[in-house]
Amino acid sequence: MNKYSTKKIFLIHDIVCVIVIIGMIVYTLYAITQMPQTIPIHLTNGVVDGWGSKWISLLMPGTIVFVYVLSILFIRYLKKHNNSIILVSWVKLGCVILFSIVNILFIQFALSQTSRIIA
C-alpha cells in the first residue's frame, strides 16, 4: 500500500471517529436532560438491581475519547518505529463504533426503564 492511500485511510477513519464521538456526546447530553436523577445501571436476570446518577451516562463518551486519544498516540509511536499502523487505525474505528452502540443501548434502556417507573 502506498503512502497516499495509507494517509487517506487514516483521514477517513479520523473523520468518521470524530463525527461519531461528537454525535455520541451530543446525544448523551440531550438524553441526560430527559432522564430523572436516578437511572437503572445494572441488571441481574432481567431485573434491575442497580441504580445510579444520570451523570454516569457520561462515562462511556469519556471512555471512548480516552481510547481514541490513546490510539492516536499509539499510532504515532508505531510510525516512529516503522511498524504497520493500518490495523491500529481499524481497531480505533471499531472501538469508537462499538462504544457508541453500547452507549446508545444503555441510554435507550435507561430512558425506557425510567419511563416505566414514572408512569
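The structure this text deals with has already been given above.
Residues numbered from 1 in each chain as written. Predicted model: local features only at pLDDT ≥ 70, side-chain atom pairs only at ≥ 80, totals over all residues. Heavy atoms only, no water.

Enquirer: Got a sec to walk through the environment of Ile85? Specific residues and values, please.
Expert: With respect to the secondary-structure elements, Ile85 resides in the loop between helix H2 (59-80) and helix H3 (86-118). For the pair Ile85 and Ile75, spaced 10 residues apart in sequence, the C-alpha to C-alpha distance is 6.0 Å. For Ile85, the contacting residues outside a window of four places in its chain are Phe10, Ile75, Leu78 and Lys79. (Helix = DSSP H or I, 4+ residues; strand = E, 2+ residues; numbered from the N terminus. Contact = heavy atoms within 4.5 Å.)

Enquirer: Which residues make up the state of the cysteines, and what are the values?
Expert: In protein chemistry, a disulfide is the covalent bond that joins the sulfur atoms of two cysteines. Summed over the entire model, instances satisfying the criterion amount to zero disulfides. In this structure Cys95 is not part of a disulfide, and its nearest cysteine sulfur, from Cys17, lies 9.1 Å away. (Disulfide = S-S within 2.5 Å.)

Enquirer: Explain the environment of Leu29 to me, using residue names and the numbers behind them.
Expert: Among the secondary structure elements, Leu29 is positioned in helix H1 (residues 3-34). For Leu29 and Leu58, which are 29 residues apart along the polypeptide, the C-alpha to C-alpha distance reads 7.9 Å.

Enquirer: So, the pattern of salt bridges: which residues are in play, and what are the values?
Expert: Any two side chains of opposite charge can pair, on the condition that their charged atoms come close. All chains considered together, the criterion is met by one salt bridge. For Lys92, the salt bridge goes to Asp14, with nearest N and O atoms at 2.5 Å. Of this pair, Lys92 sits in helix H3 while Asp14 is found in helix H1, placing the two residues 78 residues apart along the sequence. By relative accessible area, Lys92 is classed as buried at 4%. (Salt bridge = Lys/Arg side-chain N within 4 Å of Asp/Glu carboxyl O. Buried < 20%, exposed > 50% of the residue type's maximum accessible area, 1.4 Å probe, protein only.)

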